[in-house]
Each structure stands twice: as C-alpha cells, then as structure tokens.
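For reference, the chains in residue letters:
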Amino acid sequence: MTGKLNLNLNLGAGVEPMLESGIDSAARPDVENVIILGSGPAGWAGAIYTARANLRPLLITGNEIGGQIATTTEVENYPGFPDGVTGPELSERMQAQAERFGATVELDFVTAVDVNGPPFTVETANGKRYRANALIITTGASPRKLGVPGEDRLIGRGVSYCATCDGFFFRNRQLVVVGGGDSSLQESLFLTKFASKVTIVHRRDQLRAGPALQRRADANPKIEYIWNTVVTNVSGENKVEAVTLKNVQTGEERQFPTDGVFVYIGHLPNNAPIAGKLAMDEHGYLITDKLMRTSVPGIFAAGEIQDSRFRQVATSTGQGVAAAMEVEKYLAEMEDHAYLQRQEPALDRATA
Ligand code: NAP
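Residue positions within a chain follow its written sequence, with the count starting from 1. Note on the predicted model: pLDDT of at least 70 is required for a residue's local features to be given, and 80 or more for side-chain atom pairs to be given and counted; whole-chain, interface and lining totals, by contrast, use all residues.

A. Highlighting helix H4 (residues 182-191). Within H4, the full set of buried residues consists of Ser183, Ser184, Leu185, Glu187, Ser188 and Leu191. Buried residues along H4 sit against helix H3 (163-166), strand S9 (174-178), strand S10 (197-201), helix H5 (211-218), strand S11 (223-226) and strand S15 (260-263). For every residue, the other C-beta atoms within 10 Å of its own C-beta are counted; 20 or more classify it as buried, 12 or fewer as exposed, and values in between as partly exposed. C-beta atoms are placed from the backbone. Strands here mean DSSP runs of E at least two residues long; helices mean DSSP runs of H or I at least four residues long; both are numbered from the N terminus. We call two residues in contact whenever the C-beta atoms placed from their backbones are within 7 Å.

Structure (structure tokens):
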C-alpha cells in the first residue's frame, strides 16, 4: 500500500433505518467505503455486516435480485426456518435486513471493474460510475442450461438445477439427470433417497465423474444410464411429463416419460466484469484465501463466484460475513495508515 492514499472513510452516523431502494447521489460520497457486487445470499450477508459496522455499503444487485435462490421454489435446509421458506421470500428478508441497517441497494448491473486501486472503479449498465476503497464480489455462478425447447417454461415445474433444493418434492417419482460429471452422479445418488428411479442421460459412453462416485452409482439399484444420448426437448402441459432423447450416434429420437429433469452439465461463474483482472482457476472461479481476499488487496469475494464446491445458501452467507469482517479490518488499517501519514510531517516539524 502506498502512502499516497486519498482516503475519505465515510462512516455512517448510525444504524438508522434506510428503507428506500435507489441512490440519492447527492448523499453519496465521492468514494464509497465498500461496494458489494451481487444480491445473492453472500451479497446480502456482506451488506448486513458492513452496514452494521457503519460502513454504509452500496450493493449493486445484478440483473436478478436474489441470485439463484430467487428461482428456487422452496428452501428447506437453511437453518432457522423449520417449515421452509421460499427462495424469493428468503432473499427479500435478507434485503430488508441489510436496508434496515443502512445498506443502499441499487438495481443495476455491473459491466466493468477497474481493479487498479484503491479506489476501485465500478461501471454499470445504467451508465453509472462508482469508486470504492473496497469491493466484495458476490456475482455468483449460473447453472449451464441445456438450451432446448420447453426447458425455461418448465423451470420450477419439474426442471431443476438443484437436487438439494428440489429433490424432496419427487418422492416415489421417476427422474432424469443430465450430465456425466461428479455433480451429476453425486446429485443422482442424493435423488435416489426420494425418487423411485433415476436415469442418467450422458452424451458419451464414458463418465467424466471420478471412480469413487462411479462405483457408488453403479452399486445403486435405482440408478440407470442411457449413453451417447442428449436431451433435445422437454415437454409437459403444466409440469414435466417427458423428454425427447436423441442418440448422437444413430440420430434416432424417442420420447422418454419422466416426472422431472435435473440438469448437471456444469456451472458458469459470472465473472465477465473481472475476467482477466483477478486470479481465477481453470474454470473461471475467483481464487480467494481463507480471509476471502482475491489477488488484489482491497477486493474480496464470497459465494459461488469463488466456491464451486459447496454451493449452499448457508455456506454463501457465511463467506459473505467473513468477507465483510475482513473489509472492516482492511478499511480500519487503511485509515490508521492514512492517519500516520498525516502525522509524519507534524512529527518531523516537532523534532526538527
Ligand atoms: P463437469 O465436471 O464439467 O461435468 C459436466 C458434465 O456435463 C460432463 O459430463 C459433460 O459431458 C456434460 N455436458 C457439458 N455440456 C453438456 C451439454 N451441452 N449437453 C450434455 N452434456 C453436457 O461439471 P460438474 O460435474 O458440475 O463438476 C464441476 C467441478 O466440480 C469438477 O471439477 C468436479 O470434479 C467438481 N465436483 C466435485 C465433486 C466431488 O468431488 N464430490 C462433486 C461435484 C463437483 P462430457 O463428459 O462429455 O464433457
């Protein structure tokens, strides 16, 4: 960190409720303390903690408020909700909690981030430009879709990308799982707790998944495979009733009745605004350390943009909390540093 920081820490006057969304730009500082990119569970958790630390965070939502949980019918595994809660309601509750403590929420989409800072610069689809001494990136990941007719229309009505979230609703039903990787097999095994039969449809005749998962899947009598096959259509009036399967070797197509389709053909981290600017792994996920720090000091990350393994609301909120606590420390250290810089000339004069 250089000694030339133009630090203007903008501490809020208190934790008075700030219930309205949208930015009163006149009231915003030239340089924000912290901007949070994304409005999934990691983003809201980061906003709640930085707001309660009087850092007056600005959260830029992205295109869909709530991230992946906003498209989840029912969340039954988030601690504290014994009767379950819908994804949108959980997201709204998290937002209300963040705003109650002074977070400002901007409905906008980040298009570019300049990581040369602090201060860092964030540009948005609405043509806004913000600067901040710290960033928490929580832009998440999106499940890769099949991209076939019927898929989007039947999301939440039999088409799912999350067995942990939706498997429970398929008790004694027959399911199709698409994909041949670790996720496909792991989630198929999970689904056998509920479903009467799980048919894994894979585009090749060899699995990508590791041998341990393959052995477990092979030993499970509820799991069957259809090889060299892709799904070309999902059909059903109000819920999934069948998929169209196409054998990629013969070109032959057939209808395959099913109650649900779980798609596990990989995730895509939402890294467009920061691609090539921060260290990432070979799949495009941000690399962070235990303190949620990215490769650039002052830029932190939490949730699925840096976690391809756990992908749970509870783990993402925990990571958001950790990132917020580290931001608080980072900004306090910046302030101490700037204070010492200001004192040095005076000390020099006094000792001259
Ligand atoms: P993945 O390893 O990339 O596997 C994706 C699967 O989907 C592959 O079998 C692929 O086929 C197939 N696929 C991709 N695009 C397709 C399309 N358009 N149509 C049909 N099939 C398509 O993804 P993942 O399973 O989500 O795993 C991601 C990472 O997390 C991996 O590194 C994995 O090891 C790790 N992970 C580990 C565990 C564990 O250790 N228990 C659990 C979950 C995930 P091809 O095989 O033909 O390419």
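B. Spatial organisation of the sheet that holds strand S12 (residues 229-235). An order of S12-S13-S14 is seen for the three strands of this open sheet, with the pairing classed as antiparallel. The open sheet has two edge strands, S12 and strand S14 (253-257), and neither has a second partner. Taking the axes of each pair of neighbouring strands and ignoring which way they run, one obtains an average angle of 30° across the sheet. Pairing between strands is defined by DSSP: at least two bridges between the two strands are required. As defined by bridge partners, strand S13 (residues 242-247) adjoins S14 across five bridges and the pair is classed as antiparallel. Paired with Val243 across the two strands is Phe256, which belongs to S14. Note on method: axes are straight lines fitted to C-alpha atoms, helices fitted across the in-contact stretch only, with angles between N-to-C directions ranging 0 to 180 degrees.

C. Structural context of the pairing of strand S6 (residues 129-137). The buried fraction of S6 amounts to seven of the nine residues, a majority that puts the element mostly inside the structure. Direction of pairing for strand S1 (residues 32-37) relative to S6: parallel, over a ladder of five bridges. Each bridged residue has a counterpart across the sheet, and for Ile35 the counterpart in S6 is Leu135. The turn linking strand S5 (residues 120-124) back onto S6 is made up of four residues, and Gly127 within it adopts a positive phi angle of 80°. Relative to strand S17 (residues 299-301), S6 is paired through three bridges, and the arrangement is parallel. By the bridge assignment for S17, Leu135 is matched with Ile299.

D. Focus on the site of the ligand. What makes a residue near a molecule or strand is its C-beta atom, placed from the backbone, lying within 6 Å of it. Taken together, the neighbourhood of the ligand is formed by 17 residues, with Gly179, Gly180, Gly181, Ser183 and Arg208 sitting nearest. Counting residues per element, the shell around the ligand draws most heavily on H4, which supplies four residues. The residue makeup of the shell around the ligand, split by class, is four nonpolar, nine polar and four charged. The residue classification treats Ala, Val, Leu, Ile, Met, Phe, Trp, Tyr, Cys and Pro as nonpolar and Asp, Glu, Lys and Arg as charged. All others, Gly included, are polar.

E. Main features of the nonpolar core. Core analysis: the biggest nonpolar cluster contains 85 residues, and Ile35, Leu135, Ile136, Val178, Val261 and Phe300 have the highest contact counts within it. The element that contributes the greatest number of residues to this core is helix H6 (residues 313-351), accounting for eight residues. Segmentation of the chain into domains, including their bounds, is taken from an automatic or database domain assignment. The two domains that each donate at least three residues to this core are domain 1 (25-142 + 267-351) and domain 2 (159-263). Other than its neighbours up to four places away in sequence, Ile136 contacts Val34, Ile36, Gly46, Phe300, Ala301, Ala302, Ala323, Ala324 and Val327. As used throughout, a nonpolar core is a set of buried Ala, Val, Leu, Ile, Met, Phe, Trp, Tyr and Cys residues joined through C-beta atoms within 7 Å of each other.

F. Region of the structure containing unusual backbone geometry. Residue Pro118 follows Gly117 across a cis peptide bond; omega there is 5°. Cis geometry is adopted by the peptide bond preceding Pro119, which originates at Pro118 and carries an omega value of 0°. Within the secondary structure, Pro119 is located in the loop between strand S4 (110-114) and S5. At Asn54, a residue that is not glycine, the phi angle is positive and equals roughly 65°. Along the chain, the position of Asn54 falls in the loop between helix H1 (41-52) and strand S2 (58-60).

G. Spotlight on the packing of H1 against helix H2 (residues 87-100). Relative to each other, H1 and H2 sit at 20°, their axes nearing to 8 Å. When the axis of H1 is compared with that of H2, the two are roughly parallel. Considering the relative orientation of H1 and H2, their crossing is left-handed. Listed contacts from H2 to Pro41, Trp44, Ala47, Ile48 and Ala51 of H1 are Met94, Gln95, Gln97 and Ala98. In the contact of H1 with H2, the residues fall into seven nonpolar, two polar and no charged. Just so you know how the angles are binned, under 35 degrees is roughly parallel, over 145 roughly antiparallel, 65 to 115 roughly perpendicular, and the rest oblique. When the near helix sits turned anticlockwise from the far one by under a right angle, the crossing is termed left-handed; a clockwise turn instead gives a right-handed crossing.

H. How the structure looks around the packing of H4 against H5. Closest axis-to-axis distance for the H4/H5 pair is 10 Å, and the angle between their directions is 35°. Read as a crossing pair, H4 and H5 show a hand that is left-handed. Of H5, the residues touching H4 (which contributes Asp182, Leu185, Gln186, Ser188 and Leu189) are Leu213, Gln214, Arg216 and Ala217. Grouping the constituent residues of the contact of H4 with H5 by class yields four nonpolar, three polar and two charged.

I. Layout of the sheet that holds strand S8 (residues 159-160). Spatially, S8-S15-S9-S10-S11 is the arrangement adopted by the five strands of the open sheet, whose pairing is parallel. For this open sheet the edge positions go to S8 and S11, each flanked by a neighbour on one side alone. Judged from the four bridges that link them, S10 and S11 form a sheet pairing that is parallel. Bridge assignment links Ile200 to a residue of S11, and that residue is Tyr225. Contacts between H4 and the sheet are confined to S9, S10, S11 and S15, with S9 contributing the most and set at about 170° to the helix.

J. Molecular detail of H1. By this rule the span expected of a helix is its residue count minus one, scaled by 1.5 Å. Taking 1.5 Å per residue, 12 residues should reach 16 Å; H1 reaches 17 Å between its end C-alpha atoms and fits that length. By the criterion of burial, H1 is predominantly enclosed, with 11 of the 12 residues buried. Within H1, the full set of buried residues consists of Pro41, Ala42, Gly43, Trp44, Ala45, Gly46, Ala47, Ile48, Tyr49, Thr50 and Ala51. Where H1 terminates, the next one or two residues include Asn54, which has phi positive at roughly 65°.

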